[in-house]
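Structure at a glance
The residues making up each chain are set out below.
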Amino acid sequence: MVDQEDEELKMALRMSMQKESPEPKRSKPEEEVSVGGESPEVKNRRLQRELMAAAAEKRMKNVVVEKSGGGGSGVVECKDRSVNLVKGEDKNVNLAKGEEKNVNLVKGEELLVEEANQLFSMIFGCEVAKDILGQWTNQGIRFSPDPDTSMGLVQHEGGPCGVLAAIQAFVLKHLLFFSDDLNMVSTSLSGKSAGADIFSSLNEEKKSRALVRAMGEILFMCGSNRRVVIASLRTLNGNLEGSEGRSSDEVISKALEGLSIESAANLQKVLIINTYTSSVDALQRLEALLPVFRSRMGAMLFLISALLSHGMDSVQADRDDPSQPLVTAPFGHASQEIVNLLLSGEAVANVFDGRMDLGGGMFVKGISTTVEVGFLTLLESLNFCKVGLHLKCPKWPIWVVGSESHYTVLFALNTNVQEENELEGRETKIRRAFDAQDQSGGGGFISVEGFHQVLRETNVNLPSDKLQNLTSSGYIVWSEFWQVLLDLEKSSGGLKDPSGLMGKKVFDLYHFNGIAKSVLNGNQVSSPVQRPRLTKLRVSVPPKWTPEEFMSAGPTTNDKDSISEISKPEPSQHAPLVDCIRTRWARATCTWEGDPPSIV
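Residues numbered from 1 in each chain as written. Predicted model: local features only at pLDDT ≥ 70, side-chain atom pairs only at ≥ 80, totals over all residues. Heavy atoms only, no water.

For the chain, an unreviewed UniProt entry supplies the name ubiquitinyl hydrolase 1 and the organism Anisodus acutangulus. One UniProt comment on the chain, placed under Sequence similarities (unreviewed entry), says "Belongs to the MINDY deubiquitinase family. FAM188 subfamily." You can read under Catalytic activity (unreviewed entry) in the UniProt record for the chain the words "Thiol-dependent hydrolysis of ester, thioester, amide, peptide and isopeptide bonds formed by the C-terminal Gly of ubiquitin (a 76-residue protein attached to proteins as an intracellular targeting signal)." (UniProt positions renumbered as here; feature names shortened; annotations may be inferred.)

Below, the structure written as structure tokens:
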């Protein structure tokens, strides 16, 4: 064993002296953790071999850079090559020496030219407009300065909203449901109103702590809870002397002046990366880098960190069509693959549950597991897709909301908005079984054979005439099956409830839109055309009867309060957000004060 290791070390040294640049042999990040039972001699030999191999690799990189000329055009060469990262050397660089806490950046490893080419082309394609690059390199991860939206991240550029909304969703998770971890005063938020009141106890330290934990949770999820890769900029590791009296944000802003990333070569020149398997180390690194993520490169660096944490080959393997860029043309929006990666840890293109067999050995992939925060989309209300229950019913009542061109966030202050009564639980079970047989791409119909499987799994006993009517056309539509279930007695597996109290709910939701775009008026920048906005919505979900049944039958209970509550007509306002909410809570009505909430 020792002889084999010595031979590999000699090979690495010989390779470092070659003029050509063969593929270096490197340890995977998982192998960097000591294996239990190693003798001190074997461990020392292994560490020495890895250090010398890393040095050999560094010399090879220099050869590659010299051969490439260090330049590059706006069109990058598309290559398929996996990323294999090695931890960098720890050298502390002090960025700020003013009144703020000092920020230490650790020197990291650079990407190989081929890796930078693969990364850049995977994100932007082989050709990309400068406007799109400008959007993604001018968006920091910053909290709103407005008191009413102090918990929210502000978006100034179009495009990166998918990244910001996903981070925002996890920030809210930690602010609302893990406040003890943030040393917040333990109070119930459920009775407070929208605006500054519900987040009045927040200060910058608490928000920053929530942001660090949100980013760390997302990146570890992308790395299958095994590793995190955190990207930063080499530009920030030098020439930062004389920063006394200046904030770290000012120092970094000054250091980034003139920085332009227009090609893979530019990216390779400035990017540095560090890999962590310890959550403590990763969170410390993210905390130290908060000023960098607040800078104009923040959203781009976080996206790169997520992609490298997952692994570029793994990202491409998740996708249905890996030839297309992750940032979509012509407007530079984050694709569904990016949003799904940040919400579920998988860069799949679809939002249904599981995967769908297309026949002939072909299939497309959706969300494979339950998620912490979910996703709703206006496109489902337009029948363009079907969001599965994994995204629709997340662990915490927080959803990224997608429109045709923008991502925002919807959330509740109390988990009981997702609690199900007996009938709702029954509906969920039947719907899951139905969707598992749905091979129509979310069209809501299944085969007769699949329908019989659903009936067996859910113990629904249909009368022969109902069964004949449903199966006569050769396929079964969910909406027709649902109507039959509403008429079928509970003893036969149906949902009929003569009391009329079939789970009506009234609760509050909050919607946050972080957009704050500015427009040019001549040479002057005008005030933002839209400021970040938090809207409180009162949501009423009626009983699970059809409108005709509800109006004709009405409640039969003797509970006067329940009769009054159910019979009382609900005022209704409409906006596209309401259509999104109805994909989660059918036939919900919503009301709010002021202007309608905007999802664009």
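Once that is clear, we can look at unusual backbone geometry. Cis geometry marks the peptide bond from A329 to P330; its omega dihedral reads 5°. Looking at the element boundaries, P330 is found in the loop between β5 (327-328) and β6 (333-334). One non-glycine residue, S224, adopts positive backbone phi at about 55°. What makes S224 partly exposed here is its relative accessible area of 37%. The phi torsion at R587 lies on the positive side, around 60°, for a residue other than glycine. Note on placement: R587 falls in the loop between α22 (576-584) and β18 (589-591). Taking the relative accessible area as the measure of exposure, R587 reaches 36% and is therefore partly exposed. (Helix = DSSP H or I, 4+ residues; strand = E, 2+ residues; numbered from the N terminus. Buried < 20%, exposed > 50% of the residue type's maximum accessible area, 1.4 Å probe, protein only.)

Our focus in this paragraph is the nonpolar core. Formed by 101 residues in total, the largest nonpolar core has its most connected members in L119, F124, I167, F302 and F411. Leaving out residues up to four positions away in the same chain, F302 has contacts with I141, V163, I167, M215, I218, L219, F293 and L342. (Core = buried A, V, L, I, M, F, W, Y, C linked by side-chain atoms within 4.5 Å. Contact = heavy atoms within 4.5 Å.)

Turning our attention to the packing of aromatic side chains. Evaluation of the coordinates by the stated rule reveals 14 aromatic pairs. Geometrically, the ring pair formed by F434 and W478 is edge-to-face, given 5.1 Å between the ring centres and 65° between the ring planes. Of this pair, F434 sits in helix α16 (residues 422-436) while W478 sits in helix α19 (residues 478-487); the two residues are 44 residues apart in sequence, bridging distant segments of the chain. Put simply, the rings of F434, F451, W478, F481 and W482 touch in pairs and so form one group of aromatic residues. Looking at R355, its charged tip hangs above the ring of F363, at a distance of 3.8 Å from the centre. In this structure, R584 packs its charged tip against the face of W585, placed 4.6 Å from the ring centre. (Phe/Tyr/Trp six-rings, centres within 6.5 Å; stacked < 30°, edge-to-face > 60°. Lys NZ or Arg CZ within 6 Å of the ring centre and 35° of its normal.)

Tallied over the entire structure, the rule returns 16 salt bridges. Note that E204 is salt-bridged to K207, the shortest N-O span being 3.0 Å. One end of the pair, E204, and the other, K207, are both in helix α6 (residues 204-222), three residues apart, so they sit about a helical turn from each other. By relative accessible area, which is 3% here, K207 ends up buried. Residues K254 and E257 are paired through a salt bridge, measuring 3.5 Å at the closest nitrogen-oxygen approach. Taken together, the salt bridges that share partners define one network made up of R142, D249 and R294. (Salt bridge = Lys/Arg side-chain N within 4 Å of Asp/Glu carboxyl O.)

Relative to strand β17 (residues 533-541), strand β14 (residues 505-513) runs antiparallel, the two sharing nine bridges. Along β17, the bridge assignment pairs D508 with R538. Here three bridges tie β17 to β18, and the two strands are oriented antiparallel to one another. Among the inter-strand pairings, S540 is bridged to a residue of β18, identified as T589. (Pairing = 2+ DSSP bridges.)

Between α16 and α19, whose axes approach to 12 Å, the crossing angle comes to 150°. Classified by the angle between their axes, α16 and α19 sit roughly antiparallel to one another. α19 is crossed by α16, and the crossing has right-handed handedness. Facing α16, whose interface residues are E427, I430, R431 and F434, α19 presents W478, F481, W482 and L485. Split into classes, the residues belonging to the contact of α16 with α19 amount to six nonpolar, no polar and two charged. (Axes fitted to C-alpha atoms, helices over the stretch in contact; angles between N-to-C directions. Parallel < 35°, antiparallel > 145°, perpendicular 65-115°, else oblique. Left-handed = near helix turned anticlockwise from the far one by under 90°. Nonpolar A, V, L, I, M, F, W, Y, C, P; charged D, E, K, R; others polar.)

Once that is clear, we can look at the confidence of the model for the chain. Chain-level pLDDT for the chain is 78 on average; 69% of the residues reach the 70-or-more range. Confidence drops under a pLDDT of 50 for residues 12-36, and excluding neighbours within four residues, the segment shows 45 contacts in the predicted structure. (pLDDT = per-residue confidence, 0-100.)

The next point concerns the packing of helix α5 (residues 161-177) against α6. Two numbers describe how α5 lies on α6: the axes approach to 8 Å, and their chain directions differ by 120°. The angle between α5 and α6 places the two elements in the oblique class. Regarding α5 and α6, the two cross each other, and that crossing is right-handed. Here α5 contributes A166, I167, F170, V171, K173, H174 and L175 to the contact with α6, which in turn contributes K206, A210, L211, R213, A214, M215, E217, I218 and M221. Residue classes in the contact of α5 with α6 are distributed as eleven nonpolar, one polar and four charged.

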